[in-house]
Amino acid sequence: MTINFGNPDRPNSYIGRTVPRPNARRLVEGRGRYVDDITLPRMLHVAFVRSPHAHAKIDAIDIAAAQAAPGVRRVFTGADIAAHCTPWVAVLAHLKGLKSAPQHAVATDRVTWTGEAVVAVVADSRAAAEDGAALVEVDYTPLPVVTDMRTALDPATPVIHPDLGDNLTFHRLHEKGEVDAVFASAHTVIAASFKTGRHTGVTLEPRSILADYNPAETQLTVYHSTQAPHMMQSVIAQHLDLPEGRVRVICGDVGGSYGIKVHVYPDEMATVAISKVMGRPVKFIADRMESFATDIHARDHEIDARIAVDETGRILAMDIDDWTAIGPYSVYPRTSAIEGNQVVNLCGGPYDFQTYRAQTTVVMQNKAPTCQYRAVGHPIAVAITEGLVDFAAEALGLDPVEIRRRNLVPDDAYPYTSAANMRFEGLSHHASMDKLMALMDYDGLRAEQAMLREKGIHRGIGIASFIELTNPSPFMYGIGGARISAQDGCTVRMDPDGSIVAMSGVTEQGQGTEAMLSQIVAEAVGVDVAKVKIVTGDTQTTPYGGGTWASRGAGIGGEAALQAGLALKESILTIAGSMLQCPPDSLEIIDGQIRDRKNGEARMPLEELGRIVYFRGDTLPKDLPRELVQTRHFITSDYPFAFTNGVQASYLEVDTETGFVKLLKHWCVEDCGRVINPQLVDEQIRGGIVQGIGGALYEECLYDSEGQLLNANMADYLVPMAAEMPDMVIGHVETPTRESLLGAKGAGEAGTAGSPAAVMNAINDAIRPLGGRVTSMPFTPGRILAAMGVVTES
């Protein structure tokens, strides 16, 4: 089956139309229901005593004073929790050699990062729990800490987990072609070192969980701010020894996730275990300092890279050596090796060359664990690739756009396999670049830049082409043994009044899932979008699915919704054909009316069909199928991933006396396949750009040599604010995937993937006449001044 969503005969199609979010009014009126808004009878609160040491042996714990404190109901040590919650080891079988140590919900004998939970205090209120936690006395013996990734494997460096033999978590080497020979004979070789600063998601709503175990029914209900309810259902059931059917995870409104909330956190598992032990609801809401110290971090990479080009600027080869440090444990169940693995997979992705060597070395250290965060690995790989391409252009005297045009994979070359063995179904690098040039008036900006430079004003233009991995198949996690679903499902039901209810395994995280799904279902069935109610985030009512991650909501969840909606429409028309005594294929549903397909005559409203099916089924033929509910699941099968592509540009000004950067304008042209709701896609891209700019200019989790986090607060950890952000212009090219009827890919991470590289290249373009070059994020004023030789970087 094919559906032409661009058909001029379907001017009222919901696909490709901006439709308001159905939940917008409720949220604007303050009627959102987040985990912390939920209060249950007999509910308790838990607060955690956390380690002040990055690495230490737990010698003794005195909980007597805490147990006697007003309002405290019980105090749990790590051993207490371990009796009810089994530890986990975060490895994936297909990442050969990946290793990690067993991790408990609460530390049992040793702490391995500052902020690791040591004791849980349960009380009638959060305040009482915190007061009790302050009375717990823990004796520690400090142990040597590991904080430098480059020396983590040295023989003299202490091994964090002696049973593992060393601090190496994972190493991967990919090599294609005669790399050394190509570099030896190349016309020009450029080498550079890059650094991306460790940072975190800073979600508006912190991590939140409320667990309610009912021993009378052996039923556990968990209200959770999460991206993947079914994954959490499986994890909780496994480690608390419950059948999955006895674990219900409900994900209501979520105040931002960005990948931060798709992981298993020890303190959240402890909260669930405590509820099971006590048979009462138990709530844990992380405060902001806890969030900084215990939310996963990401992007802690140091990279040495080379590019070889010929005299015309054609890329001949790339050589990437990536190091990343993940903390003391690989994070469960997705593991902490994926980010480094993505760097290997994604470097050089937009360009047409086949000689490539890349390796990632993933090591443990005594800092907060790192794992997947929005655009996993993409900002790192794009910064490396686009930085090298710009440096090559500089060396050869080529315009940055021209060198890209000479090397981007041709738009008619697909299907195409990259040097990293990534398979691309269809991308549009050249069409995207053409659109970007028109949107930004590139030649005009270059003329303005030259004019202002004569006046001592240093402005820069940065370009960054990118690819984005979306719609992942089981080749990402399932093949490695993780119980993380790559498929998603949707159940679509027509009620007696002709209204539609759709239940999806994709979750609403604030990104517009409800709007996207309602549009698809309305289009598929043939009803007004206002007649569609979307239900997400409840493992007891929604079909099994993977949830929200890796830009999969529209491409996988949306396709399941489309197929379920079409199946319901077919069922409706079969019944209508019997009632109207005409072939079902002679009928159509438009705006909730069953109409003659040829002349458009209205034959019956859906509510009349609903009335007959639900209340007067005796008048229908006995053997007539009359199911007005349909469920469909979808999973990709032809390609491991649906890649998208795009190109970004940054225009900025550098104050060469202070090193401050003023962002003037930013552009992004992106090809995410079929665009369902243009406004939602544009805002997703804008939000992603802002997060990418945060990593490029402001955000970094700073540790001292003893593993102490120095800026775990909103005063010292800088995030981008509205006043500092530039105007952003978004454009689109549409290359629908042929893996689905809908043709949608993903758009949630494109902005984050390319914006750091675009900003980096723009800064370097601005300070190039002064001999400056920056490659270490975030690009702080101090680092920019140091690059120009004005100051010495501390």
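Just so we're clear, the structure is a prediction, and the values are computed from it rather than from any experiment.

### Thoughts on the overall build of the protein chain
- What the protein chain contains, in helices and strands, is 19 helices and 30 strands.
- For 794 residues, the compact-globule estimate of 2.2 N^0.38 gives 28 Å, and the C-alpha radius of gyration of the protein chain, at 28 Å, lies within 12% of that figure.
- Taken over the C-alpha atoms alone, the protein chain extends approximately 85 × 75 × 45 Å along its principal axes.
- With 794 residues in all, the protein chain has 63% of them scored as buried.
- Long-range contacts, defined here as pairs at least 24 residues apart, represent 80% of the contacts in the protein chain between residues at least 6 apart.
- As presented, the protein chain carries roughly 28500 Å² of accessible surface, and 51% of it is formed by carbon and sulfur atoms.
- One finds the centroid of the 69 positive side-chain charges in the protein chain at a distance of 5 Å from the centroid of its 96 negative side-chain charges.

### Quick word on the pattern of salt bridges
- According to the stated counting rule, one finds 47 salt bridges in the structure shown.
- Across the pair Arg150 and Asp304 runs a salt bridge whose closest N-O atoms are separated by 3.4 Å. One end of the pair, Arg150, is in the loop between strand E6 (137–142) and strand E7 (168–176); the other, Asp304, is in strand E15 (residues 301–309), and 154 residues separate them in sequence.
- Relative accessible area serves as the criterion here: at 28%, Arg150 is assigned to the partly exposed category.
- In this structure, Arg768 and Glu394 form a salt bridge, with 3.3 Å as the shortest nitrogen-oxygen distance. Pair noted here: Arg768 is in the loop between helix H18 (750–767) and helix H19 (781–787) and Glu394 is in helix H10 (residues 378–396), with a separation of 374 residues, a long-range link.
- Overlapping salt bridges, with partners in common, bring together Arg50, Arg126, Glu130, Arg207, Asp267, Glu268, Asp287, Glu290 and Asp295 in one network.

### Re the sheet that holds strand E22 (residues 500–504)
- Strand order in this open sheet of four strands is E23-E22-E21-E27, and the pairing throughout is mixed. Both edges of this open sheet fall to strand E23 (532–536) and strand E27 (629–634), since each of them pairs with a single strand only. Each neighbouring strand pair of the sheet contributes to a mean axis angle of 20°, computed without reference to strand direction.
- Note: strand E21 (residues 488–494) against E22, five bridges, orientation antiparallel. Within the sheet, the bridge partner assigned to Arg493 lies in E22 and is Val501.
- This element, helix H14 (residues 513–525), spans E21, E22 and E23 of the sheet and lies at about 130° to E23.

### Some points on the sheet that holds strand E30 (residues 727–732)
- Strand order in the open sheet formed by four strands is E20-E28-E29-E30, with mixed pairing between adjacent strands. Every interior strand has two partners, whereas the edge strands, strand E20 (458–470) and E30, have only one. Strand-to-strand, the axes of this sheet are offset by a mean angle of 15°, without reference to chain direction.

### Some words on helix H15 (residues 553–580)
- An ideal rise of 1.5 Å per residue puts 40 Å on 28 residues; H15 measures up with 38 Å between its terminal C-alpha atoms.
- The buried fraction of H15 amounts to 22 of the 28 residues, a majority that puts the element mostly inside the structure.

### Observations concerning the packing of helix H17 (residues 678–698) against H18
- The interhelical angle for the contact between H17 and H18, taken along N-to-C directions, is 50°, at an axis separation of 7 Å. Judged by the angle between their axes, H17 and H18 are oblique. The crossing of H17 and H18 is right-handed. Facing H17, whose interface residues are Ile685, Gly688, Ile689, Gln691, Gly692, Ile693, Ala696 and Leu697, H18 presents Gly751, Thr752, Ser755, Pro756, Val759 and Ile763.
- By residue class, the composition of the contact of H17 with H18 is eight nonpolar, six polar and no charged.

### A short note on the side chain of Thr548
- With respect to the element layout, Thr548 can be found in the loop between E23 and H15.
- Among the polar contacts listed, one links the side chain of Thr548 to the backbone oxygen of Thr507, at a separation of 2.7 Å.
- Beyond its immediate stretch of four places on either side in the chain, Thr548 contacts Gln227, Val506, Thr507, Gln509 and Gln511.

### Considerations on helix H11 (residues 400–407)
- Burial in H11 covers these residues: Pro400, Val401, Ile403, Arg404 and Asn407. In an axial view of H11, the angular spread of the buried residues amounts to 165°, which keeps them on one side of the axis.
- Those residues of H11 hidden inside the fold are in contact with strand E16 (315–325), H10, helix H12 (429–440), helix H13 (442–453), E20 and H18.

### Examining the confidence of the model for the protein chain
- For the protein chain, per-residue confidence averages 97 on the pLDDT scale, and residues scoring 70 or more make up 98% of the total.
- When the elements of the protein chain are averaged for pLDDT, helix H1 (residues 24–28) gives the smallest value, 94, and strand E13 (residues 282–285) the largest, 99.

### Some remarks on the nonpolar core
- Ile236, Ile384, Leu436, Met440, Ile463 and Ile763 are the most contacted members of the largest nonpolar core, which has 157 residues in total.
- When sequence neighbours within four positions are dropped, the list of residues in contact with Ile384 reads Phe194, Ile303, Ala305, Ile320, Val343 and Cys347.
- Counting residues in hydrophobic clusters, the runner-up holds 47 residues, among them Ile520, Ile534, Ile612 and Phe634.

### Quick notes on the side chain of Asn23
- Relative to the helices and strands, Asn23 is located in the segment before H1.
- Assessed through its relative accessible area of 4%, Asn23 is described here as buried.
- If we ignore the near neighbours within four places in the chain, the residues touching Asn23 are Glu508 and Glu514.

Basis of the calculations
Residues numbered from 1 in each chain as written. Predicted model: local features only at pLDDT ≥ 70, side-chain atom pairs only at ≥ 80, totals over all residues. Heavy atoms only, no water. Helix = DSSP H or I, 4+ residues; strand = E, 2+ residues; numbered from the N terminus. Rg over C-alpha atoms; globule rule 2.2 N^0.38 Å. Buried < 20%, exposed > 50% of the residue type's maximum accessible area, 1.4 Å probe, protein only. Contact = heavy atoms within 4.5 Å. Areas by Shrake-Rupley, 256 points an atom, 1.4 Å probe, with all protein chains shown as cover. Lys, Arg positive; Asp, Glu negative; His and termini not counted. Charge placed at Lys NZ, Arg CZ, Asp CG, Glu CD. Salt bridge = Lys/Arg side-chain N within 4 Å of Asp/Glu carboxyl O. Pairing = 2+ DSSP bridges. Axes fitted to C-alpha atoms, helices over the stretch in contact; angles between N-to-C directions. Expected span 1.5 Å × (residues − 1). Parallel < 35°, antiparallel > 145°, perpendicular 65-115°, else oblique. Left-handed = near helix turned anticlockwise from the far one by under 90°. Nonpolar A, V, L, I, M, F, W, Y, C, P; charged D, E, K, R; others polar. Polar contact = N/O pair within 3.5 Å; in protein donor to acceptor, adjacent residues only side chain to side chain. Arc of directions from axis to C-beta. pLDDT = per-residue confidence, 0-100. Core = buried A, V, L, I, M, F, W, Y, C linked by side-chain atoms within 4.5 Å.

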